[in-house]
Amino acid sequence: QVQLVESGGGLVQPGGSLRLSCAASGLIVNLGTMAWYRQAPGKQRELVARITSGGSTNYADSVKGRFTISRDNAKNTVYLQMNSLKPEDTAVYSCNAVWFGGDYWGQGTQVTVSS
């Protein structure tokens, strides 16, 4: 049974940083494609960052240079380091895994950027 558990969200001031974690079980993070998505109120869910099994990464234009996706194979965990946060980054952030034809989601974690 695949399970993705996100953590690390919270309230942060503009310009601050947060690191989100996605702890995976039932799959191996470096053998699948792992991604972070976000959904703000009244908006569609959007891809934030993705890392493939080969280690290639891609980012939404709005977060390039500020966010970094990475993984720790030993901990079977994927991270999203978010720096220089802006109010428009406020959203529910969800971890996604594509693993042998399956598409799996975590429950999401709220990130609020506000002074």
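Residues numbered from 1 in each chain as written. Predicted model: local features only at pLDDT ≥ 70, side-chain atom pairs only at ≥ 80, totals over all residues. Heavy atoms only, no water.

Quick look at the nonpolar core
For the record, the criterion: Residues grouped as a nonpolar core are buried Ala, Val, Leu, Ile, Met, Phe, Trp, Tyr and Cys residues, joined through side-chain atoms within 4.5 Å. Only protein chains enter the area calculation, which uses a 1.4 Å probe; residues under 20% of their type maximum are buried, those over 50% are exposed, and those in between are partly exposed. A run of DSSP states H or I qualifies as a helix once it reaches four residues; a run of E qualifies as a strand once it reaches two. Both are numbered from the N-terminal end. The contact criterion used throughout is that any non-hydrogen atoms of two residues lie within 4.5 Å.
Core analysis: the largest hydrophobic core is formed by 29 residues, its most contacted members being Met34, Trp36, Leu80, Met82 and Tyr93. Put simply, the parts of the chain that give this core at least two residues each are β3 (18-25), β4 (33-39), β5 (46-51), β7 (67-72), β8 (77-82), β9 (91-99) and β11 (109-113). No other element matches β9, which puts five residues into this core. If we ignore the near neighbours within four places in the chain, the residues touching Tyr93 are Glu6, Leu20, Trp36, Tyr37, Arg38, Val48, Phe67, Leu80, Met82, Gly108, Thr109 and Val111.

Re the environment of Ala35
Following the sequence through the fold, Ala35 ends up in strand β4. For Ala35, a relative accessible area of 1% gives the class buried. Sequence separation of Ala35 and Asp72 is 37 residues, and the distance between their C-alpha atoms is 14 Å.

A word on the packing of aromatic side chains
The test is simple: Stacked, tilted and edge-to-face pairs are distinguished by plane angle, under 30 degrees for stacked and over 60 for edge-to-face with tilted covering the rest, among Phe, Tyr and Trp rings (Trp via its six-membered ring) whose centres lie within 6.5 Å. A positively charged side chain is recorded as over a ring if its NZ (Lys) or CZ (Arg) lies within 6 Å of the ring centre. The angle to the ring normal must also be within 35 degrees.
Within the structure shown, the criterion is met by two aromatic pairs. Plain terms: the ring middles of Trp99 and Phe100 are 4.8 Å apart, the flat faces sit at 90° to each other, and that makes the pair edge-to-face. The exposure class of Phe100 is exposed, given its relative accessible area of 73%. Here the guanidinium or amino end of Arg45 rests over the ring plane of Tyr37, the centre of that ring lying 5.9 Å away. Its guanidinium or amino end placed over the ring of Trp105, Arg45 lies 3.9 Å from that ring's centre, counting from NZ or CZ.

Description of the environment of Leu80
Along the polypeptide, Leu80 turns up in strand β8. Taking relative accessible area as the criterion, Leu80 reaches 0% and is therefore assigned buried.

Let's talk about the side chain of Glu6
As a reminder, the rule being used: Neither His nor the chain ends contribute to the count of charged residues, in which Lys and Arg are positive and Asp and Glu negative. Salt bridges are defined by distance alone: a side-chain nitrogen of Lys or Arg within 4 Å of a carboxyl oxygen of Asp or Glu. Any N or O atom pair separated by 3.5 Å or less is treated as a polar contact, with the protein-specific requirement of one donor-capable and one acceptor-capable atom, and with residues adjacent in sequence counted only for side-chain atom pairs.
Position of Glu6 among the secondary structure elements: in strand β1 (residues 3-7). Although Glu6 lies buried, it forms no salt bridge, and the closest oppositely charged side chain, Arg45, sits 9.2 Å away as judged by the N-O distance. Of note is the side chain of Glu6, whose polar atom sits 2.7 Å from the backbone nitrogen of Cys95. Within the structure, the side chain of Glu6 is placed 2.9 Å from the backbone nitrogen of Gly108, a separation counted as a polar contact. If sequence neighbours within four positions are ignored, Glu6 has contacts with Ser21, Cys22, Trp36, Tyr93, Ser94, Cys95, Gly106, Gln107, Gly108 and Thr109.

Some thoughts on the pairing of β8
Worth spelling out the cut-off: Strand pairing follows a simple DSSP-based rule, namely that at least 2 bridges must link the two strands.
The element β8 is extensively covered by neighbouring structure, given that five of its six residues are classed as buried. Of the pairings in the sheet, the one linking β3 to β8 comprises six bridges and is antiparallel in character. Each residue of the ladder has a partner; that of Arg19, found in β8, is Gln81. Relative to β8, β7 runs antiparallel, the two being bridged by six bridges.

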